[in-house]
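Next come the chains, spelled out residue by residue.
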Amino acid sequence: MRLPDWPRQRRARREPELGDREALQRLVPWCESFSPTVGIADGEPPDSLLFDVTGLAPLFCGEETLVAHVRQEFGRRGWTTCLALADTPGAAWALAHYETDRGIPPGSPIIVPTGQSRAAIGGLPIEALRLSPGCVSDLNDLGLRQIGQLLELPRESLAARFGAAILQRLDQATGAADEVIAAHHPPPEIEAEWTFEYPTDCPDLVQQVLQERLEQITRQLSSRRQGVQELVFRWRCESNPPGQIKVGLYRPSAAARHLVELIETQWQATCRPLAEPITSLCVSVTIVAPLEYYQQALFDDLRQQDNPRETALLVDRLASRLGRHSVVRPRLLPEAQPELAWRYIPLVGEQRPAGSAPLRKKKPSRRKSSEQTIAAHPGPLTRPLSLAAKPLPVEVVSVAPHGPPAAFSLSGEQHHVARAWGPERIQTGWWRGRSVGRDYYRVETGDGQWFWLFRQLTDGRWFCHGAFA
């Protein structure tokens, strides 16, 4: 369903010889006379500007007059533009880039009526979806040349063969998914520096100056209800090259003392403290995020419950002492092959949306999760809590050639199977290159142990992929 006031996007593309990001950045303040939201489209080299002109057409006596005014003003400054006005940024970008390939004179503006973006982009080449070159090549190999051909195919098969990115681009172009234009404003420099009258090697003096600079920064951020997510501490010495330390936080913080402790911890772990007198220091905030507020407990017995703030302080200290990539958490990936269905990501230094809380319990979604599916079917877990780093080969005895195991030998130890569940077939597609095909069994041995075994479909060899604790 379309909203009556659906966002209308305008996009200007410059000639390739002028397509550098620095020049586009200089244009942004001037372009804000046409729209309060002006962004630079992704691309290499960057050659596009995106305007959000929702509800602005009446101010210019109509969309045609608005587009003509933009074209005229760019022409006065010596710019050659291709203009497109459509319901979505993706459709406007596609039309401005590729509609000229279909016989429209260069420089002629393109205005798509409201609700007609899907039909307007149907005949454009699939390159207009801003897909990766590898994805475009794979689609062309299958004879898919136009966006309209993709729109007629089942969505499930597209996602399975080419990834979720292709569905995202299709939805953004047709309006099924929102695509927000990120207004490009030069980020305000949040930093504080200090030059000592004489070089100093006194740790107490350096700490005092550092805390004063951080208090100055945190006061400025607190007034905007923001905190530090990542900062860089730099210092200069008399003769040695300047040094720097980057500190990332799990949750944004406006506590100057906490930030000083993190800097000192990392400094002592990576540098030799004050090996030479310091002449100046500077603290720069590279990532800010909204602060999160929590109501204090009314009774003492509530203190035993989980405290997100204390957890965040612990994570910050561990990351400063051990390193950012040593404090991680697993993230699930949409991958059928078990050993590729997750990866580790650092807990600190990530900019999260406002109000996000990784350690809080999320509200259950309407779509069934794997945990809900397991709970709905009583019995053993369908996945072990831990997987082997590499599947271990086992010798299996089966009653039937392709049936469940009756006994197996793992690391020289014999196991007799009391019960088995399966098979569960996990198989990757041919587009993955080296395909994987396995039949998994959950088995219980006579002494009460649980294992996750699989048989390779290609050669019939058996492996143990994990154990249920």
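Okay, so let's go over this structure.

**So, the pattern of salt bridges**
Now for step 1: Across all of its chains, the model carries 10 salt bridges by this definition.
Now for step 2: Of the charged contacts in the structure, one is a salt bridge between arginine 213 and glutamate 212, with a shortest N-O distance of 3.9 Å.
Now for step 3: Connected through shared salt-bridge partners, Arg425, Asp439 and Arg455 make up one network.

**As for the sheet that holds strand E9 (residues 278-290)**
Now for step 1: Strand order in this open sheet of 4 strands is E6-E9-E7-E8, and the pairing throughout is antiparallel. The strands lining the two open edges of the sheet, one partner per strand, are strand E6 (191-200) and strand E8 (243-253). Neighbouring strand axes in the sheet, compared pairwise and without regard to direction, differ in orientation by 15° on average.
Now for step 2: The pairing of strand E7 (residues 226-237) with E8 spans 7 bridges and is classified as antiparallel. Counted as the bridge partner of valine 228 is serine 253 from E8.
Now for step 3: Docked against the sheet, helix H9 (residues 203-222) engages E6, E7 and E9, running at close to 165° with respect to E6.

**Looking at the sheet that holds strand E15 (residues 437-445)**
Now for step 1: On the basis of which strands lie adjacent, the closed barrel formed by 6 strands has the order E12-E13-E14-E15-E16-E17 and antiparallel pairing. Each strand axis lies, on average, 45° off the axis of its neighbour in the sheet, ignoring direction.
Now for step 2: With 6 bridges joining them, strand E16 (residues 450-456) and strand E17 (residues 462-468) adopt antiparallel strand pairing. The residue of E17 that forms the bridge with phenylalanine 451 is alanine 467.

**Regarding helix H8 (residues 164-174)**
Now for step 1: Three or more residues of H8 are buried, namely Ile166, Leu167, Leu170, Asp171, Gln172, Ala173 and Thr174.
Now for step 2: Next to the buried residues of H8 lie helix H3 (89-98), helix H4 (117-121), helix H5 (133-141), helix H6 (147-151) and helix H7 (155-162).
Now for step 3: Where H8 ends, the next residue or the one after it, glycine 175, has phi of about 95°, a positive value.

**Description of a nonpolar patch on the surface**
Now for step 1: A contiguous nonpolar surface patch, about 500 Å² in accessible area, is contributed by Val328, Leu332, Trp342, Tyr344 and Leu387.
Now for step 2: Of all elements in the fold, only strand E10 (328-332) and strand E11 (342-346) reach the threshold of two or more residues within the nonpolar patch.
Now for step 3: Tracing the sequence through the fold places tryptophan 342 in strand E11.

**Concerning the pairing of E17**
Now for step 1: Within E17, 6 of the 7 residues are buried, which leaves the element mostly enclosed by the surrounding structure.
Now for step 2: Two elements, strand E12 (residues 386-398) and E17, share 5 bridges in a ladder whose sense is antiparallel. When the bridges of E17 are listed, leucine 387 appears paired with glycine 466.

**A short note on the packing of aromatic side chains**
Now for step 1: On inspection of all chains with the given rule, the structure shows 15 aromatic pairs.
Now for step 2: A centroid spacing of 5.1 Å and a plane angle of 70° characterise the contact between tryptophan 30 and phenylalanine 74, whose relative ring orientation is edge-to-face. Of this pair, tryptophan 30 sits in helix H1 (residues 21-31) while phenylalanine 74 sits in helix H2 (residues 63-76), and the two are 44 residues apart along the sequence. An identical accessibility class is assigned to tryptophan 30 and phenylalanine 74; each is buried.
Now for step 3: Aromatic side chains tryptophan 93 and tyrosine 98 sit 6.3 Å apart centroid to centroid with 50° between the ring planes, which places their arrangement in the tilted category.
Now for step 4: A relative accessible area of 10% means that tryptophan 93 is categorised as buried.
Now for step 5: Across the ring face of tryptophan 93, the terminal group of arginine 130 is positioned such that the distance to the ring centre comes to 5.9 Å.
Now for step 6: If you follow arginine 438 out to its NZ or CZ, it ends over the ring of phenylalanine 454, 4.5 Å from the centre.

Rules used in this analysis
Residues numbered from 1 in each chain as written. Predicted model: local features only at pLDDT ≥ 70, side-chain atom pairs only at ≥ 80, totals over all residues. Heavy atoms only, no water. Salt bridge = Lys/Arg side-chain N within 4 Å of Asp/Glu carboxyl O. Pairing = 2+ DSSP bridges. Helix = DSSP H or I, 4+ residues; strand = E, 2+ residues; numbered from the N terminus. Axes fitted to C-alpha atoms, helices over the stretch in contact; angles between N-to-C directions. Contact = heavy atoms within 4.5 Å. Buried < 20%, exposed > 50% of the residue type's maximum accessible area, 1.4 Å probe, protein only. Patch = residues over 30% accessible without salt bridge, like charges linked within 9 Å, V, L, I, M, F, W, Y side chains within 5 Å. Areas by Shrake-Rupley, 256 points an atom, 1.4 Å probe, with all protein chains shown as cover. Phe/Tyr/Trp six-rings, centres within 6.5 Å; stacked < 30°, edge-to-face > 60°. Lys NZ or Arg CZ within 6 Å of the ring centre and 35° of its normal.

Everything listed here is a matter of coordinates, which is why it stays silent on function.
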